[in-house]
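Fold and contact review
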Amino acid sequence: MEIRKSTTEDLQEIMEIYGIARIFMKNTGNPTQWRNGYPSESLVRSDIESGISYVAVENGRIEVVFFYRKGEDPTYKVIEDGAWLDDEPYAVLHRIASRGEVKGSGSA
C-alpha cells in the first residue's frame, strides 16, 4: 500500500470514504462523532492545501484517508483527568477512515 499526500484531484474519493465511515459509525453504535457532514469538504480541502491530508492507495484506488501533522495540536491544549508524560515533540493522526474493503488497510 502506497501512502502519499492527498491532492485536490482526490477530493471526491476522500469525501466518499468519509461518507462510508459516517455510515459505518452510525450503524455500529457511534452515531454522533462525525455528524452533520463532518469532516466537511472545505475542511478537507484546507487540509490538502496545508499538506496534512494523506491517502493510502492500493491497486490505484484510495482505500484510506487521514490527517497527520507534526507539532502541537490545539485539540490537546487542555487535557482533563490526565497529563502528558513529557514535553517531547509529537505528531497527531486524526480523521482516519477507510472504505472497509481491504483488510488491515488502516494499519498501513
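See above for the structure.
Bear in mind the structure is a predicted one, so any value in this text is a computation, not a measurement. (Residues numbered from 1 in each chain as written. Predicted model: local features only at pLDDT ≥ 70, side-chain atom pairs only at ≥ 80, totals over all residues. Heavy atoms only, no water.)

Within the structure shown, the criterion is met by eight salt bridges. Residue Glu41 is joined to Arg45 by a salt bridge in which the shortest nitrogen-to-oxygen separation is 3.3 Å. A residue pair is termed a helical-turn pair when its members lie 3 or 4 positions apart in one helix, as Glu41 and Arg45 do in helix 2 (residues 41-50) at four residues. According to the relative accessible area criterion, Glu41 is partly exposed, its value standing at 43%. Residue Arg45 is classed as partly exposed on the basis of its relative accessible area of 32%. Salt-bridge contacts for Asp47 lead to Arg95; the nearest nitrogen and oxygen are separated by 1.9 Å. With Asp47 in helix 2 and Arg95 in strand 4 (residues 91-98), this residue pair connects regions lying 48 residues apart in the sequence. Three or more residues joined by partner-sharing salt bridges are found here, namely Glu13, Glu16 and Arg99. (Salt bridge = Lys/Arg side-chain N within 4 Å of Asp/Glu carboxyl O. Helix = DSSP H or I, 4+ residues; strand = E, 2+ residues; numbered from the N terminus. Buried < 20%, exposed > 50% of the residue type's maximum accessible area, 1.4 Å probe, protein only.)

Take the environment of Gly37 next. With respect to the helices, strands and loops of the structure, Gly37 is situated in the loop between helix 1 (11-27) and helix 2. Gly37 gets classed as partly exposed once you look at its relative accessible area, which sits at 34%. Between the alpha carbons of Gly37 and Arg4 there is a distance of 24 Å; along the sequence they are 33 residues apart.

Pairing is antiparallel in the open sheet, where four strands are placed in the order 1-2-3-4. Since the sheet does not close on itself, it has two edges, and those belong to strand 1 (2-5) and strand 4, each with one partner. The sheet shows a mean angle of 25 degrees between the axes of neighbouring strands, direction not considered. Across four bridges, the pairing between strand 1 and strand 2 (residues 53-58) is antiparallel. Across the sheet, residue Glu2 finds its bridge partner in strand 2, namely Val57. (Pairing = 2+ DSSP bridges. Axes fitted to C-alpha atoms, helices over the stretch in contact; angles between N-to-C directions.)

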